[in-house]
Amino acid sequence: LQQRTVKEVIGMAHYNQASVFWQKGNFDKAIHAYQKAMAYMPDDMLLKELLAYNFLFNQEKQEGERLLKSVINHLPEDSVAKRNVAEDY
């Protein structure tokens, strides 16, 4: 498991809550929770990507695309292949 700082642990609580809201289709609440997580984990690329998708689902295309562009070339450390969902969009 990835080791997290105390600050990141707090961010992950918001991150996980956002996932629950997203699963229920409540994109406004998911966005709000992901934004709270960003305060604790501003450089987390997966967080930015997931937030971007929720903006897109919430019809906030400009903000979603802006965030996707910021993660498009990021290759996670533990990845064996380049993730290209953001590129596909």
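Refer to the structure printed above.
Source: prediction; values computed, not measured.

Draft legend 1. How the structure looks around the environment of Trp22. Here Trp22 lies in helix H1 (residues 6-23). Remark: the alpha-carbon pair of Trp22 and Tyr53, spanning 31 residues in sequence, is separated by 9.8 Å. Ignoring any residue separated from it by four or fewer positions in sequence, one finds Trp22 in contact with Phe27, Ala30, Tyr34, Leu50, Tyr53, Asn54 and Phe57.

Draft legend 2. View of the packing of aromatic side chains. Inspection of the entire model under this criterion finds 3 aromatic pairs. Ring centres of Tyr15 and Tyr34 lie 5.9 Å apart, and the angle between their planes is 85°; this geometry places the pair in the edge-to-face category. Remark: Tyr34 occurs in helix H2 (residues 27-40) and Tyr15 occurs in helix H1; sequence separation between them is 19 residues. Accessibility classification places Tyr15 together with Tyr34 in one group, the buried group. Aromatic ring contacts, followed pair by pair, group Trp22, Phe27 and Phe57 into a single cluster.

Draft legend 3. Structural view of the packing of H1 against H2. Across the interface, H1 lies against H2 with an axial gap of 8 Å and an inter-helix angle of 170°. The angle between the axes of H1 and H2 places the two elements in the roughly antiparallel class. Within the contact between the two elements, H1 uses Lys7, Ile10, Gly11, His14, Tyr15, Gln17, Ala18, Ser19, Phe21 and Trp22 and H2 uses Phe27, Lys29, Ala30, Ala33, Tyr34, Lys36, Ala37, Ala39 and Tyr40. A per-class count over the contact of H1 with H2 returns 12 nonpolar, 4 polar and 3 charged.

Draft legend 4. Looking closely at the nonpolar core. The biggest cluster of nonpolar side chains holds 21 residues, and the ones touching the most others in it are Tyr15, Tyr34, Leu47, Leu51, Tyr53 and Leu68. At the level of elements, H1, H2, helix H3 (45-57) and helix H4 (61-71) are the ones that each hand at least two residues to this core. Residues contacting Tyr53, with those up to four places away along its chain left out, are Trp22, Leu68, Val85 and Ala86.

Draft legend 5. Fine view of the pattern of salt bridges. Counted by the stated rule, this structure contains 3 salt bridges. Between Lys61 and Glu65 there is a salt bridge, and its shortest N-O distance comes to 3.9 Å. Taken together, the residues Lys61 and Glu65, both in helix H4 and 4 residues apart, mark about one turn of the helix. Between Glu63 and Arg66 there is a salt bridge, with its nearest N and O atoms 2.5 Å apart. Here the residue Glu63 and the residue Arg66 both occupy positions in helix H4, the gap between them amounting to 3 residues, near one helical turn. Since its relative accessible area comes to 47%, Arg66 is described here as partly exposed.

Draft legend 6. Up close: unusual backbone geometry. With phi around 65°, Gln59 is a residue other than glycine that occupies positive phi space. With respect to the secondary-structure elements, Gln59 resides in the loop between H3 and H4.

Cut-off values and rules
Residues numbered from 1 in each chain as written. Predicted model: local features only at pLDDT ≥ 70, side-chain atom pairs only at ≥ 80, totals over all residues. Heavy atoms only, no water. Helix = DSSP H or I, 4+ residues; strand = E, 2+ residues; numbered from the N terminus. Contact = heavy atoms within 4.5 Å. Phe/Tyr/Trp six-rings, centres within 6.5 Å; stacked < 30°, edge-to-face > 60°. Buried < 20%, exposed > 50% of the residue type's maximum accessible area, 1.4 Å probe, protein only. Axes fitted to C-alpha atoms, helices over the stretch in contact; angles between N-to-C directions. Parallel < 35°, antiparallel > 145°, perpendicular 65-115°, else oblique. Nonpolar A, V, L, I, M, F, W, Y, C, P; charged D, E, K, R; others polar. Core = buried A, V, L, I, M, F, W, Y, C linked by side-chain atoms within 4.5 Å. Salt bridge = Lys/Arg side-chain N within 4 Å of Asp/Glu carboxyl O.

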